[in-house]
Amino acid sequence: MSNLILGIETSCDDTAIGIVDEHGNVISSVISSQIDIHNQFGGVYPEFAAREHILSIIPTIDETFKKSNIQLSDIKAIGVTRGPGLIGSLLVGINTAIGLGISWNKPVIGVNHLRGHIRSADLEMKRVNYPATILLVSGGHSILAYMKSVTEIEILGTTKDDSVGETYDKVARMLDLGYPGGPIIDKLAKDGKATIPFPKPIINEGFDFSFSGLKSAVARYIEKNPENICKNTIAASFVQTVLDVIITKSRKALLLNPSKSFIIVGGVAASPQIREQAQILCDELNVELCLPPLKWSTDNGAMIALATWDYIKYGIHKEPKVQLRLPLNEF
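Residues numbered from 1 in each chain as written. Predicted model: local features only at pLDDT ≥ 70, side-chain atom pairs only at ≥ 80, totals over all residues. Heavy atoms only, no water.

**What to know about the packing of aromatic side chains**
Each aromatic ring pair is specified by the distance between its two centres and by the angle formed by the two planes. Keep this limit in mind: What counts as a ring pair is set by centres within 6.5 Å for rings of Phe, Tyr and Trp (its six-membered ring), and what kind of pair is set by the plane angle: stacked under 30 degrees, edge-to-face over 60, tilted for all other angles. Accessible area is worked out with a 1.4 Å probe on protein chains only. A residue is then buried under 20% of its type maximum, exposed over 50%, and partly exposed in between. For helices the rule is a DSSP run of H or I covering at least 4 residues; for strands it is a run of E covering at least 2, with both sets numbered from the N terminus onward. Placement of a charge over a ring requires the Lys NZ or Arg CZ to be within 6 Å of the ring centre, with the centre-to-atom vector within 35 degrees of the ring normal.
Within the structure shown, the criterion is met by six aromatic pairs. Residues Tyr45 and Phe48 carry aromatic rings whose centres are separated by 4.4 Å and whose planes lie at 20° to one another, so their mutual orientation is stacked. Accessibility expressed as a relative area gives 29% for Phe48, which makes it partly exposed. When the centroid spacing of 5.1 Å and the interplanar angle of 75° are considered together, the rings of Tyr168 and Phe238 count as edge-to-face. One end of the pair, Tyr168, is in helix α5 (residues 164-174); the other, Phe238, is in helix α8 (residues 231-256), with 70 residues separating them in the sequence. Judged on exposure class, the residue Tyr168 and its partner Phe238 are both buried. Cation over ring: Lys252 sits above Phe207, and NZ or CZ is 5.3 Å from the ring centre.

Structure representation (C-alpha cells):
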C-alpha cells in the first residue's frame, strides 16, 4: 500500500530529498550541499547552483532510496518545490520530478517552499497547536503570520528589502567571514559585547521588516573604523539589534493574536540567540514555543514531503510549474 511521499527541494543551493509518512516520520533524508562552491563568492551564484543541481539530483535521490530500504510501490506521490526560489534551481527539481512521475506512474504535486518550512516544525513529532503565530526567517524571507489552522493563514508583515538571512550573509561578507554567514556571526557574537548602537529598523511599529538600513549602518561603521575592527563586537551588536527587532514585533503579534503556539522556522531559526530569546518571550506570555530540530531548520526534502501530505489531505493539486513569487498563505 502506498503510504509515503518523496519530497524534492531545489529552491536555492541545496539538493535535498526526503521520504516522509503522513505523520511526519522521516524515513530517509539526504542533502547535497553546495557550500564549498559558493563560499568563494560570499553568497549563492545562481548559475553554478543550477548546474550543480543537475549533477547531484539523481545521485541524491538514489542515495535517499538506498538509506530507506523501501520499494517504489511504497511511494504514493512526489512533492516538489515550485517556488519561491531561483528559477534555474527550481527548474532542475521540477523537471526531474515530472520525469520521475511519468516513469514511475506517480502523481507530481508542486509545493510552496514556504509551506514546507511551516511543516518542518512537525517533522519527527507533532509540535504545533493552532491557532499559532509564525515567524519565518530565512535567506530570502522574513515573515510574521497568524495561523488559525494549516489552511488559514493571515500574513501580518513581510520584509520590505533585505531578509534577516540575507542581511546576515552580507554582514559576514563585509567582515570576510565566508558563507553561509549566519552560523559564523552567531558564534562570534557569543564572545562579543553589544556596545555599538546600530539603528533598529522598527518601521512605524508595524509588522513589516526592513534590514537594509542596518546593513548600511554596519558598512558605514566598518568604513569609519578601519584600524579598530573587533569582529566579535560588531557581530554581537548586529545580532542584538536584529533580535531586538524580531522579538519586539513577535511580542506585539502574539499579544494581538492569542496563540497556543509560536512557530519559528527557516534557516535563521537555527540561531541559538533567537532560540534563547524566543523561549524567554514564550515563557513570559505562556505560549508554547515550536522549533524544528536544527537539522530540519534549513532547506530539506522532508519538509516538502510533509507539506505534500497537506495538499493530498485537502484535495489541492498544484501543477509543478515555477512560481518565483509565492506568498505564504497560498498553497
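**Observations concerning the nonpolar core**
Applicable threshold: Side-chain atoms within 4.5 Å link the members of a nonpolar core, which is a set of buried Ala, Val, Leu, Ile, Met, Phe, Trp, Tyr and Cys residues. Between two residues, a contact is recorded if the distance between any of their heavy atoms is within 4.5 Å.
Counting residues in hydrophobic clusters, the biggest one holds 46 residues, and the most contacted among them are Ile185, Phe238, Phe262 and Ile264. Every element with two or more residues in this core is listed here: β6 (132-137), β7 (142-147), α5, α6 (181-190), α7 (212-224), α8, β9 (261-265) and α9 (272-285). Looking at this core, the element that brings in the most residues is α8, giving twelve residues. When near neighbours in sequence (up to four residues on either side) are disregarded, Phe238 contacts Thr167, Tyr168, Val171, Ile185, Phe198, Leu214 and Val218.

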